[in-house]
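Structural features, examined
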Amino acid sequence: MLFAIIFTVLAVMVTWLLYLALRPRALEVESETADLRYIAMALILIILTAAAVASMLILGKLGQVTIGF
């Protein structure tokens, strides 16, 4: 249950950051700080996406039944 909540929150955050990065008003701005902001958003998106995929993989592992002898 915990990893499902984590995955949902991370998926919403990734979608929200993609919206912030790609909205038309943000794309009009040209400056050095805008470039740094896009680089920072890309790094945050990479980290959040990796965390979301990791939580999804852990969810898959928790769903498997292991039989040990």
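Above this text is the structure in question.
Being a predicted model, the structure only gives us computed values, none of them experimental.

Here we look at the overall build of the protein
- Within the protein one finds 3 helices and 0 strands.
- Starting at the N terminus and ending at the C terminus, the protein contains elements arranged as α-α-α.
- Counting over 69 residues, the protein shows a buried share of 17%.
- In the form shown here, the protein has an accessible surface area of approximately 5,600 Å², with 75% of it arising from carbon and sulfur atoms.

A short note on the environment of Leu17
- Relative to the helices and strands, Leu17 resides in helix α1 (residues 2–22).
- Leu17 sits 25 residues away from Ala42 along the chain, and the two C-alpha atoms are 8.9 Å apart.
- Among all residues touching Leu17, those that are not within four sequence positions of it are Met41, Ile44, Leu45 and Leu48.

Quick notes on a nonpolar patch on the surface
- Together, Met1, Ile5, Val9 and Met13 make up an exposed nonpolar region whose accessible area comes to about 420 Å².
- With respect to the helices and strands, the residue Ile5 is situated in helix α1.

So, the environment of Ile5
- Taking the relative accessible area as the measure of exposure, Ile5 reaches 45% and is therefore partly exposed.
- Note: C-alpha distance between Ile5 and Ser55 (50 residues apart in sequence) is 9.4 Å.

A look at the environment of Tyr38
- For Tyr38, the position within the fold is in helix α3 (residues 32–63).
- The class of Tyr38 is partly exposed, set by a relative accessible area of 24%.

How each quantity is defined
- Residues numbered from 1 in each chain as written.
- Predicted model: local features only at pLDDT ≥ 70, side-chain atom pairs only at ≥ 80, totals over all residues.
- Heavy atoms only, no water.
- Helix = DSSP H or I, 4+ residues; strand = E, 2+ residues; numbered from the N terminus.
- Buried < 20%, exposed > 50% of the residue type's maximum accessible area, 1.4 Å probe, protein only.
- Areas by Shrake-Rupley, 256 points an atom, 1.4 Å probe, with all protein chains shown as cover.
- Contact = heavy atoms within 4.5 Å.
- Patch = residues over 30% accessible without salt bridge, like charges linked within 9 Å, V, L, I, M, F, W, Y side chains within 5 Å.
- Salt bridge = Lys/Arg side-chain N within 4 Å of Asp/Glu carboxyl O.

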